[in-house]
Amino acid sequence: MASQVTALAWRPQTFDDLVGQEVVAQTLKNAITSDRLHHAYLFAGLRGSGKTSTARIFAKALNCAEGPTVTPCLKCASCNEIKEGNSLDVVEIDAASNNSVDNIRELRELVRYNAARDRYKIYIIDEVHMLSTSAFNALLKTLEEPPPNVVFIMATTELHKIPATILSRCQQFDFRQIPLFKIEKRLRLIADKQELDIDDESLTLVAQASGGSMRDSLSIFDQVIAASGEKITGLDVRSILGVVEDTILIDLLSGVVKESAEQVFGRINELVHYGHDLKQVYDTFTGFIRDSIVLKSVNDTSEILERRYGHGEAHNQVLEDLTVPDLVRMLDIMLQHEPVFRQAATPRYAFELVFLKLLEQRRLVPLEKLLANLKEFAGAEKKN
Ligand SMILES: Nc1ncnc2c1ncn2[C@@H]1O[C@H](COP(=O)(O)OP(=O)(O)O)[C@@H](O)[C@H]1O
Ligand SMILES: [Mg+2]
Ligand SMILES: [Zn+2]
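Note that the structure is predicted; figures quoted are calculated from it, not measured.

1. Some thoughts on the pairing of strand β1 (residues 40–45)
Look at any regular strand and the pattern is simple: side chains alternate between the two faces of the sheet. The buried fraction of β1 is high, at 6 of 6 residues. Taking every second residue as pointing to the same face, both faces of β1 are buried, with A40, L42 and A44 on one and Y41, F43 and G45 on the other. Note: β1 against strand β4 (residues 150–156), 5 bridges, orientation parallel. Looking across to β4, one finds that F43 is bridged to A155. One ladder, built from 5 bridges, connects β1 with strand β5 (residues 171–175); its direction is parallel. Paired with F43 across the strands is F173, a residue of β5.

As structure tokens, this is what we get:
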């Protein structure tokens, strides 16, 4: 029930309020200041990354009584109505429930009428990939002969389902995953405004669990608050979200490095014993390997790491015994076995199988090492 509260209360209202979508915001601002508007925009990308919010901000920018402006006043009738979702000239359509050709024909009739009061008539079509083929064709006709002062903003999480004919009529914007530290910063702002007693580790854990979606981070945030007492610490959040300790990830990895089936089986046994969701641990471990590659091969990791790790010393020590190609092979095995793992009736067996594969792979001498050995051998032969 509470899960929507914070996300809705904290919908960004201006371009500068949007987190992590700077390129989108800047391009739209430029279009407004240089008076170069398209008839149709397509916002594509991850759920909860700001597509609907941006569509509304853009609508306010276009229709604000003081506009068109990159800083809508947020006070005029138009700005207020768009915020509340009851503007006559900004129509939001959920394509998931209005996906038939009749719905789009109706829309085509509607777009012939001019804006009731404001500068533009704006149609925001959410989940546009849900339209039927005939509905897409009807929409295409409208996009081909757009009536003056009509702007379409379409949003989708599934770009690959949009027909090329539609794509070619739209200006496309990609909504990226929001980097971890930007989500953390936003959560800190919100927590402080709500005067919550919550530590940084908690917010990091919440941000990590969101997969780069701001909305998901806020629902998880609400879930954590609902389940905690006055003071919230990382320890509480770990247990609420069932997040596995970094030390376990490091132990699993070091077990593989040492080729110790005993250590690996032992840790898996603990995970099962403490009731961890192995599917979640699998994802976390895969991300851990991915992040380990980043740590070993990238200088400035701040925007690229998906998690933050405590126990840096122990982590670095394990990584010393691994090369990037070693880690790449591990990641490859993890990803290849993911579908197997998802379908397994008993996740534990599949989990163990994957770790046995990782161990086995350690025992195989990598080709490059073999070649190096051969060269050395040949060199020694020559000398003799
Ligand atoms: N880029 C962002 N910056 C700040 N808050 C965001 C952002 N993206 C999403 N949110 C939060 O998530 C909620 C839902 O976002 P929304 O724009 O509807 O996402 P989408 O349409 O991409 O699924 C917003 O009300 C806001 O609280
Ligand atoms: Mg949306
Ligand atoms: Zn206004």
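2. Describing the site of ligand 1
Surveying the vicinity of ligand 1 reveals 20 residues, the closest of which are A7, G48, K51, T52 and S53. Contacts to ligand 1 include K51, whose side-chain N or O atom sits 2.8 Å from an oxygen atom. Taken by itself ligand 1 offers 550 Å² of open surface, and the protein chains cover 96% of this. Listed by contribution, the elements that provide at least two residues to the shell around ligand 1 are α3 (51–63) and α10 (214–227). Counting contributing residues, the shell around ligand 1 receives three or more from each of domain 1 (2–175) and domain 2 (180–241).

3. Here's the deal with the packing of aromatic side chains
Counting across every chain of the model gives 12 aromatic pairs. Ring plane angle 80° and centroid distance 5.1 Å describe the contact between Y41 and F58, whose orientation is recorded as edge-to-face. Taken together, the residues span a long stretch of sequence, with Y41 in strand β1 and F58 in helix α3 at a distance of 17 residues. Looking at Y41, the relative accessible area reads 0%, which means it is buried. Taken together, the aromatic side chains of Y282, F285, F288, Y309, F341, F351 and F355 make up a single cluster linked through ring pairs.

4. Examining the coordination of the zinc ion (ligand 3)
Coordination of the zinc ion (ligand 3) by the protein is provided by C64 (SG), C73 (SG), C76 (SG) and C79 (SG), with metal-donor distances spanning 2.3 to 2.4 Å. One can describe the donor arrangement at the zinc ion (ligand 3) as tetrahedral, given that its 4 donor atoms subtend angles of 101 to 119° at the metal. Within one chain, the residues donating to the zinc ion (ligand 3) are spaced in sequence as C-x8-C-x2-C-x2-C. Judged on exposure class, the residue C73 and its partner C79 are both buried.

5. Observations concerning the packing of helix α5 (residues 101–110) against helix α6 (residues 133–144)
Relative orientation of the contacting elements α5 and α6 amounts to 15°, with a least axis distance of 8 Å. For the element pair α5 / α6, the angle class is roughly parallel. In this structure, α5 meets α6 at a crossing whose hand is right-handed. Judged by residue contacts, V101, I104, L107 and R108 of α5 engage S134, A135, A138, L139, K141 and T142 from α6. Looking at the contact of α5 with α6 residue by residue, the classes come out as 6 nonpolar, 2 polar and 2 charged.

6. Some words on the side chain of R307
Positionally, R307 belongs in the loop between α14 (278–297) and α15 (312–320). Engagement of the side chain of R307 in a polar contact is seen with the side chain of D246, the distance being 2.8 Å. In this view, R307 contacts L180, Q208, V243, V244, D246, L249, T284 and D291; residues no more than four positions away in its chain are not counted.

7. Notes on the sheet that holds β1
The strand order β2-β3-β4-β1-β5 describes an open sheet built from 5 strands, whose pairing is parallel. Where the open sheet ends on each side, the last strands, each with one partner, are β2 (90–94) and β5. On average, each strand axis in the sheet is tilted by 15° relative to the strand beside it, whichever way the strands run.

8. A short note on the packing of α14 against helix α16 (residues 324–343)
Interhelical geometry of α14 versus α16 gives an angle of 160° and a closest axis separation of 10 Å. Judged by the inter-axis angle, α14 sits roughly antiparallel to α16. Taken as a pair, α14 and α16 cross one another with a handedness that is left-handed. Two secondary-structure elements touch here, α14 through L278, K279, Y282, D283, F285, T286, I289, R290, S292, I293, K296 and S297 and α16 through V324, L327, V328, M330, L331, I333, M334, L335, H337, E338, F341 and R342.

9. Notes on helix α17 (residues 347–363)
For α17, spanning 17 residues, the distance from its first C-alpha to its last is 25 Å, which sits close to the expected 24 Å at 1.5 Å a residue. Those residues of α17 lying buried are A350, F351, E352, V354, F355, L358, L359 and Q361.

10. A look at the environment of E230
Along the chain, E230 turns up in the loop between α10 and β7 (231–232). According to the relative accessible area criterion, E230 is exposed, its value standing at 77%. As a C-alpha pair, E230 and R363 span 133 residues in sequence and 51 Å in three-dimensional space.

What counts and how
- Residues numbered from 1 in each chain as written.
- Chains lettered and ligands numbered in written order.
- Predicted model: local features only at pLDDT ≥ 70, side-chain atom pairs only at ≥ 80, totals over all residues.
- Heavy atoms only, no water.
- Buried < 20%, exposed > 50% of the residue type's maximum accessible area, 1.4 Å probe, protein only.
- Helix = DSSP H or I, 4+ residues; strand = E, 2+ residues; numbered from the N terminus.
- Pairing = 2+ DSSP bridges.
- Near = heavy atom within 4 Å.
- Polar contact = N/O pair within 3.5 Å; in protein donor to acceptor, adjacent residues only side chain to side chain.
- Areas by Shrake-Rupley, 256 points an atom, 1.4 Å probe, with all protein chains shown as cover.
- Domains from an automatic or database assignment.
- Phe/Tyr/Trp six-rings, centres within 6.5 Å; stacked < 30°, edge-to-face > 60°.
- Donors = N, O, S within 2.8 Å, 3.2 Å for Na, K, Ca; no water.
- Tetrahedral: all angles 85-135°; square planar, octahedral: opposite > 155°, others 65-115°.
- Axes fitted to C-alpha atoms, helices over the stretch in contact; angles between N-to-C directions.
- Parallel < 35°, antiparallel > 145°, perpendicular 65-115°, else oblique.
- Left-handed = near helix turned anticlockwise from the far one by under 90°.
- Contact = heavy atoms within 4.5 Å.
- Nonpolar A, V, L, I, M, F, W, Y, C, P; charged D, E, K, R; others polar.
- Expected span 1.5 Å × (residues − 1).

What is shown is where atoms sit, not what they do.
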